Amino acid sequence: MRSAIAYMPQIPQLAETKVLRPAEVALALNLISRMDFLRLKAIARLHARGLPPDVGWDDLLQEAFTRAIVGSRRKPQGVPMVAFLAGIMRSLRSEHWRRTRGGPGFRETLRIDHQRDLSRAAELHDPGSDLEQALLAREQIEAIEELFADDPVALAILAGLAEGRSAAQIRAAMKITKIDYDSARKRMRRTLLREGLTCGLN
Amino acid sequence: MRTKLTPATSTAALGRMLDQLDRELIEASDEDILEAARDLGMNPLMKGSAAFIGLRVPAMAQFADFFDSDALRSVLSMRSAQQSLAPEAERQRKARRLKSEKSIERKDSADK
């Protein structure tokens, strides 16, 4: 009679003194490369703009990793890991903004719940928080514009992006060629990367 | 006529701006990152590069950073023992195969 012995891979015990952070787990599992880490650092830094002061870019990044690893957010097939994590950070940012503005609806809402006594409870929205949020956002827009202060084409592109215009619409409005537009976007990318990499140093 | 109404608040404008700019970073190649780092006098390929400052990860993560060193050592020694046994097991398996082939040949010739 033939018998086969299969050696099962044995996973060593986790060091008791070491607590893994979600980002470390992602790195250990080869979910992302070290270059991706830098890419994600720049993206997290970008999305942390306009967030409440108690929420840092690193919190945003770790939370994105946590949601990906725990599985509360599922990565669709074919979507690169960095794009997926960036998407999580984007929605985390929106979540924080909504919370700052006072609740999920952020407009004055009346809860309709016939099962509870709280059916008449009104969730009132603080109009002052909107104003504060708008001021914060304005400040951040100015900070981003400051990054491109010496590049008028980049500034015009930024203005177009803020208005929700497409690349073709921006090019038409600015009367620039696709090559000029693309090289301006490349300069912008480089500036954003530089900004992303320096954070933590200042 | 415009078909879409867009809120003109600065919050919405910032949101749109960030959503577009993050795409730039997602699409940035490794070479773009290295060039940006070079502009700042950094070398992300170097161990302990300043580019990783602020990121809560070890400069060069290794298996031993995450797992208990004693446990790791015992697993590695077990693995090496298995590997040293593997050629011997393979030799025995080959010998068994040869033996069975020979017996089949002998049986065939006896039939004839």
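Sequence order as written defines the numbering, with residues in each chain counted from 1. Chains and ligands are labelled sequentially in the order written, the chains with letters from A and the ligands with numbers from 1. Only residues with pLDDT of at least 70 get local features here, since the model is predicted, and only at 80 or more are side-chain atom pairs given and counted; chain-wide, interface and lining totals rely on the full set of residues.

Participant: Help me understand the overall build of chain B in this model?
Facilitator: Secondary structure elements are defined from DSSP: runs of H or I of at least 4 residues count as helices, runs of E of at least 2 residues count as strands, and each element is numbered from the N terminus. Secondary structure summary: chain B contains 4 helices and 0 strands in total. Three exposure classes are used, all based on how many other C-beta atoms lie within 10 Å of a residue's own C-beta (placed from the backbone): buried at 20 or more, exposed at 12 or fewer, and partly exposed between those limits. Classification of the 112 residues of chain B by burial places 18% in the buried group.

Participant: How do you make sense of the nonpolar core when you look at a structure like this?
Facilitator: Burial of nonpolar side chains together is a common tendency in soluble globular proteins. Working definition: the nonpolar core is a set of buried Ala, Val, Leu, Ile, Met, Phe, Trp, Tyr and Cys residues, joined through C-beta atoms within 7 Å. Core analysis: the biggest nonpolar cluster contains 51 residues, and Ala64, Leu85 and Met89 of chain A together with Met17 of chain B have the highest contact counts within it. It is helix 2 (residues 34–47) of chain A that provides the largest number of residues to this core, a total of 8 residues. Those residues in contact with Leu85 of chain A that sit more than four places away from it in its chain are Leu40, Ala64, Phe65 and Ala68 of chain A. We call two residues in contact if the C-beta atoms placed from their backbones are at most 7 Å apart.

Participant: Please clarify how unusual backbone geometry should be interpreted in this entry.
Facilitator: Negative phi characterises most residues that are not glycine, and trans characterises most peptide bonds. At Lys175 of chain A, a position not held by glycine, the phi torsion is positive, near 55°. Considering the arrangement of structural elements, one finds Lys175 of chain A in the loop between helix 7 (167–174) and helix 8 (178–198).

Participant: Looking at this structure, I do not really get the environment of Glu63 of chain A. What am I missing?
Facilitator: Following the sequence through the fold, Glu63 of chain A ends up in helix 3 (residues 57–70). Separated by 26 residues in sequence, Glu63 of chain A and Met89 of chain A have C-alpha atoms that sit 8.1 Å apart.

Participant: Whenever I open this one, the packing of helix 8 of chain A against helix 2 (residues 30–39) of chain B confuses me. Can you help?
Facilitator: A pair of packed helices is characterised by two quantities: the angle between their axes and the separation of those axes. Here an angle of 0 to 180 degrees is reported between the N-to-C directions of two axes, which are lines fitted to C-alpha atoms, with helices fitted over the stretch in contact. For the pair helix 8 of chain A and helix 2 of chain B, interaxial distance at closest approach is 9 Å and the crossing angle is 65°. Here helix 8 of chain A runs over helix 2 of chain B; the crossing is right-handed. Between helix 8 of chain A and helix 2 of chain B, the contacting residues are Arg189, Arg190, Leu193, Arg194 and Leu197 of chain A on the first element and Asp32, Ile33, Glu35, Ala36, Ala37 and Asp39 of chain B on the second. By definition, any crossing whose near helix is turned counterclockwise from its far helix by less than a right angle is left-handed, and any crossing with a clockwise turn is right-handed.

Participant: Would you explain helix 1 (residues 10–26) of chain B in this entry?
Facilitator: Residue and element names in this part refer to chain B. In this model helix 1 runs 24 Å from its N-terminal to its C-terminal C-alpha over 17 residues, within 8% of the 24 Å that 1.5 Å per residue would give. The buried fraction of helix 1 is high, at 12 of 17 residues. Buried residues of helix 1: Ser10, Thr11, Ala13, Leu14, Gly15, Met17, Leu18, Gln20, Leu21, Asp22, Glu24 and Leu25, and no others. An expected span of 1.5 Å times one less than the residue number is assigned to each helix.

Participant: I would appreciate a short explanation of helix 2 of chain B in the present structure.
Facilitator: Three or four residues apart is the spacing at which side chains of an α-helix point the same way, because the helix has 3.6 residues per turn. Along helix 2 of chain B, the positions that sit buried rather than exposed are Ile33, Ala36 and Ala37 of chain B. Projected onto a plane normal to the axis of helix 2 of chain B, the buried residues spread over an arc of 100° and lie on a single side. In helix 2 of chain B, the exposed residues that point more than 90 degrees away from the buried face are Glu31 and Arg38 of chain B. Buried residues in helix 2 of chain B make contact with helix 2 and helix 8 of chain A. Just beyond helix 2 of chain B, the residue with positive phi is Gly41 of chain B, at close to 75°. Here the arc refers to the directions that run from the helix axis out to each C-beta atom.

Honestly, it's all geometry; don't read function into it.
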